[in-house]
Amino acid sequence: MNFFIKSIILVTLIFLSGCKNKEYVKDFKIEGIAVGESLLTYFSKEDILSLTRTKDILGNPIDLTDRVYIDAQFDNYQFETYDSLQIYYKIGDENFTIHGIGGAIWFNTDNKKCNEKYYEVKAVLEEQFKSPTKEEYLDDKDIREGMGTTTQNIMFFDFEDGSSIDIKCKDFDNELLNTEDYFQTTIMSNEVNEWLNG
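What this report covers is the structure whose coordinates are included nearby. Only a predicted model underlies this, so the values are computations on that prediction, with no experimental measurement involved.

**Notes on the overall build of the chain**
Phase 1 of the analysis: Regarding its fold elements, the chain presents five helices and seven strands.
Phase 2 of the analysis: With 198 residues in all, the chain has 39% of them scored as buried.
Phase 3 of the analysis: Across the chain, every contact between residues at least 6 apart in sequence was considered, and the portion connecting residues at least 24 apart equals 53%.
Phase 4 of the analysis: Accessible surface for the chain amounts to roughly 11900 Å². Of this, 52% is attributable to carbon and sulfur atoms.

**What to know about the side chain of Gln-73**
Phase 1 of the analysis: Locating Gln-73 in the fold gives a position in strand β1 (residues 69-74).
Phase 2 of the analysis: Residue classification places Gln-73 among the buried residues on the basis of a relative accessible area of 19%.
Phase 3 of the analysis: Here Ser-84 takes part through its side chain, which lies 3.2 Å from a polar atom of the side chain of Gln-73.
Phase 4 of the analysis: If near-sequence neighbours (up to four positions away) are discounted, Gln-73 is found in contact with Leu-51, Arg-53, Ser-84, Leu-85 and Gln-86.

**Here we look at the packing of aromatic side chains**
Phase 1 of the analysis: Scanning all chains against the criterion turns up 12 aromatic pairs.
Phase 2 of the analysis: Between Tyr-118 and Tyr-119 the ring centres are 4.9 Å apart and the planes differ by 90°, which places this aromatic pair in the edge-to-face class.
Phase 3 of the analysis: Since its relative accessible area comes to 0%, Tyr-118 is described here as buried.
Phase 4 of the analysis: Here Tyr-119 falls in the partly exposed class, since its relative accessible area comes to 39%.

**Quick word on the nonpolar core**
Phase 1 of the analysis: Counting 35 residues, the largest nonpolar core has Leu-39, Phe-74, Ile-165 and Phe-183 as the members making the most contacts within it.
Phase 2 of the analysis: Mapped by element, the contributors of at least two residues to this core are β1, β2 (84-90), β3 (98-106), α3 (111-128), β5 (151-158), β6 (164-171) and β7 (182-188).
Phase 3 of the analysis: If one sorts the elements of this core by residue count, α3 sits on top with four residues.
Phase 4 of the analysis: Not counting the four nearest positions on each side in its chain, Ile-165 is found in contact with Val-25, Phe-28, Leu-125, Phe-129, Met-155, Phe-156, Phe-157, Phe-159, Thr-185, Thr-186 and Ile-187.
Phase 5 of the analysis: Core analysis: the second largest hydrophobic core is formed by five residues, Met-147, Phe-172, Leu-177 and Tyr-182 among them.

What counts, and where the lines are drawn
Residues numbered from 1 in each chain as written. Predicted model: local features only at pLDDT ≥ 70, side-chain atom pairs only at ≥ 80, totals over all residues. Heavy atoms only, no water. Helix = DSSP H or I, 4+ residues; strand = E, 2+ residues; numbered from the N terminus. Buried < 20%, exposed > 50% of the residue type's maximum accessible area, 1.4 Å probe, protein only. Contact = heavy atoms within 4.5 Å. Areas by Shrake-Rupley, 256 points an atom, 1.4 Å probe, with all protein chains shown as cover. Polar contact = N/O pair within 3.5 Å; in protein donor to acceptor, adjacent residues only side chain to side chain. Phe/Tyr/Trp six-rings, centres within 6.5 Å; stacked < 30°, edge-to-face > 60°. Core = buried A, V, L, I, M, F, W, Y, C linked by side-chain atoms within 4.5 Å.

Next up, the structure:
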């Protein structure tokens, strides 16, 4: 076997080995739902459109002028693990392809239990995914106007293809915002991350 053929075989084996060991966010699901699937597999078009968010957490209308993606909030369903799902899709996409999905568990004002869930899921993700770049911020203050003393623990798992998984425990200024603390796991495609960071 000449050197050229040996080189081709070696490069092919290295490439296939690299593909086999690559990790992707689509390998991780929330309530059995993965990025890249059609939202219509799980919910009707009517439900998706009626549950698409029109206001932010402060009650301000969401301006759709420059938005590429929007999310629908599924609260009144009996999910196995999460109390609520937030799913991102591209505006105008008739297939409602999922580009991001987040699952939230509400903890009233019990931030201790919220953080217990945070560290539990963090351990699972660190065991399952070895290749992503990881960043963690603890007791990170939410500096947006009107958020009061709101803080969060948050960790990012950034994958080679630009997609990501993040987990957070949000400790709201409950009295000011009249909302509950929550734990959330979020999976984002590389397309949504590019849009968010652009």
